[in-house]
Amino acid sequence: MEMNATSGGAEGQREIYHLKPENKDEERAQHSEDEQEKRKEKMGKKTLADVIQEMKTFLWNSEKREFMGRTAQSWGLILLFYLILYMFLAGMFSFCMYGLLLTLSPYTPTYRDRVSPPGVMIRPYLHGFTIAFNVSEPSTWTPYVNSMHHFLQAYDDNIQEEKNIECPAGQYFVQDGAESEERKACQFKRSQLQNCSGIGDPTFGYSTGRPCILLKMNRIVGYRAGYGTPVSVNCAIQKGNESALKSVDFYPGNGTFDLMYYPYYGKLTHVNYTSPLVALHFTDVKKNDFVPIQCRLNGEGIVNDVANDRFLGRITFTLSIRM
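Residues numbered from 1 in each chain as written. Predicted model: local features only at pLDDT ≥ 70, side-chain atom pairs only at ≥ 80, totals over all residues. Heavy atoms only, no water.

## Comments concerning the UniProt feature "transmembrane region" (unreviewed entry) in the protein chain
Residues given the UniProt feature "transmembrane region" (unreviewed entry) here are residues 75–101. A helix fraction of 100% and a strand fraction of 0% characterise residues 75–101, whose end C-alpha atoms lie 39 Å from each other. (UniProt positions renumbered as here; feature names shortened; annotations may be inferred. Helix = DSSP H or I, 4+ residues; strand = E, 2+ residues; numbered from the N terminus.)

## Focus: a nonpolar patch on the surface
Side chains of F81, Y82, L85, Y86, F88, L89 and M92 sit close together on the surface and give an oily, nonpolar patch of about 710 Å² of accessible area. By the secondary structure assignment, Y86 is in helix α4 (residues 72–102). (Patch = residues over 30% accessible without salt bridge, like charges linked within 9 Å, V, L, I, M, F, W, Y side chains within 5 Å. Areas by Shrake-Rupley, 256 points an atom, 1.4 Å probe, with all protein chains shown as cover. Salt bridge = Lys/Arg side-chain N within 4 Å of Asp/Glu carboxyl O.)

## Quick word on the pattern of salt bridges
Tallied over the entire structure, the rule returns 3 salt bridges. The partner of K286 in a salt bridge is D289, and the shortest N-O contact between them spans 3.4 Å. Given a relative accessible area of 42%, K286 falls into the partly exposed group. (Buried < 20%, exposed > 50% of the residue type's maximum accessible area, 1.4 Å probe, protein only.)

## Quick notes on the packing of aromatic side chains
One pass over the structure, following the stated rule, counts 12 aromatic pairs. On the numbers, 5.9 Å between centres and 40° between planes, the contact of F151 with Y155 is tilted. On the accessibility criterion, Y155 (4% relative accessible area) is buried. Joined through ring pairs, the aromatic side chains of F151, Y155, F188 and Y261 make up one cluster. Geometry around W75 places R70 over its ring, the cationic atom sitting 5.7 Å from the centre. (Phe/Tyr/Trp six-rings, centres within 6.5 Å; stacked < 30°, edge-to-face > 60°. Lys NZ or Arg CZ within 6 Å of the ring centre and 35° of its normal.)

## Some points on the sheet that holds strand β5 (residues 212–217)
Taken in spatial order, the 4 strands make up an open sheet running β3-β5-β9-β7, and their pairing is antiparallel. Since the sheet does not close on itself, it has two edges, and those belong to β3 (120–123) and β7 (245–251), each with one partner. Across the sheet, the axes of successive neighbouring strands diverge by a mean angle of 30°, strand direction being ignored. Sheet topology places β3 next to β5; 4 bridges connect them, and they run antiparallel. The residue bridging V120 from the neighbouring strand is M217, located in β5. On top of the sheet, helix α5 (residues 138–151) reaches β3, β5 and β9 (277–285); it is set at about 40° to β5, its chief contact. (Pairing = 2+ DSSP bridges. Axes fitted to C-alpha atoms, helices over the stretch in contact; angles between N-to-C directions. Contact = heavy atoms within 4.5 Å.)

## Quick notes on the side chain of N134
Examined against the element boundaries, N134 turns out to sit in strand β4 (residues 130–134). Overall, N134 belongs to the buried group, its relative accessible area being 17%. The residues contacting N134, other than those within four sequence positions of it, are T140, W141, R322 and M323.

## A few points about the state of the cysteines
Linking two cysteines covalently through their sulfur atoms gives a disulfide. Applying the stated rule across the entire model yields 3 disulfides. In this model, C196 is linked to C212 through a disulfide, with the two sulfur atoms separated by 2.0 Å. Handedness here is read from the sign of the S-S torsion; for C196 and C212, about -75°, the answer is left-handed. Here C196, found in the loop between α6 (157–163) and β5, pairs with C212, found in strand β5; they are 16 residues apart in sequence, far enough to count as distant. Residue class for C196 comes out buried when judged on its relative accessible area of 0%. Take C212: its relative accessible area is 0%, and that puts it in the buried class. The disulfide partner of C235 is C295, and the S-S distance across this bridge is 2.0 Å. Of note, the bridge from C235 to C295 carries an S-S torsion of about 110° and is right-handed in sense. Here C235, found in strand β6 (residues 231–237), pairs with C295, found in strand β10 (residues 290–298); they are 60 residues apart in sequence, far enough to count as distant. When its relative accessible area of 15% is taken as the criterion, C235 is described as buried. (Disulfide = S-S within 2.5 Å.)

Here it is in structure tokens:
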């Protein structure tokens, strides 16, 4: 009987012993939960004064002489490390930029993805590409007139005669010499714009419902417009009744950009250069309506039919003249 009890007890102990490894994960989980509960209880017992004291100790521990958990030596070493790191990065960046700038010329762009053809722009340009005004209300067209006078200040005859030279018409003004040598510019006087110069009529025709608009080509370094033939301008109704635009006068001459203003050598060397202009004098346009007008450049090498670029070789604007 005693032997049976002993053997039975041993078997029970073996069963319990064998069960313990199977419940190790459960014991660990239970132990972790107990620790979390104890931690919560401990945290719950902290007062506001305890939290403030811990924060003060973190900011400055007088016993260990630590600021935010680091000694002065530790902070010094880490700051020194980052100082050296960022000085190295700044030096490397400066060296790379210096090497890059050595390969670039300040006078001529190294890479020119749009050497030709040029885009065009108009003046006045105040509120987009709709020029709308009422002839009987000067306040509606005065801003356009002021914009034209401001733009043409650089084209005043006395300024052009003082700074620029007279050039033979009909041929390119090619200037040889060092890349950094200053180039001379040909005169373009505002008096060449005749009825659109603002000299005889200071309102540029806006007071009579016959407005002037100036058209200029974008500057492109080294570009020779027209490949030997002057580039001309023509304007027409973009969409709608063509009779809405009956008459347009072009200045100077027949509305061409003379070859003598090309090539352009850049703003650093061509300091007094003034872009040639073509004035569009709309002497007979339908009144009290919106008239969409498109003006195009025409000449050798000119592209004016690219659908996704409305400024390449052409420009579209709307005239709305009310009486």
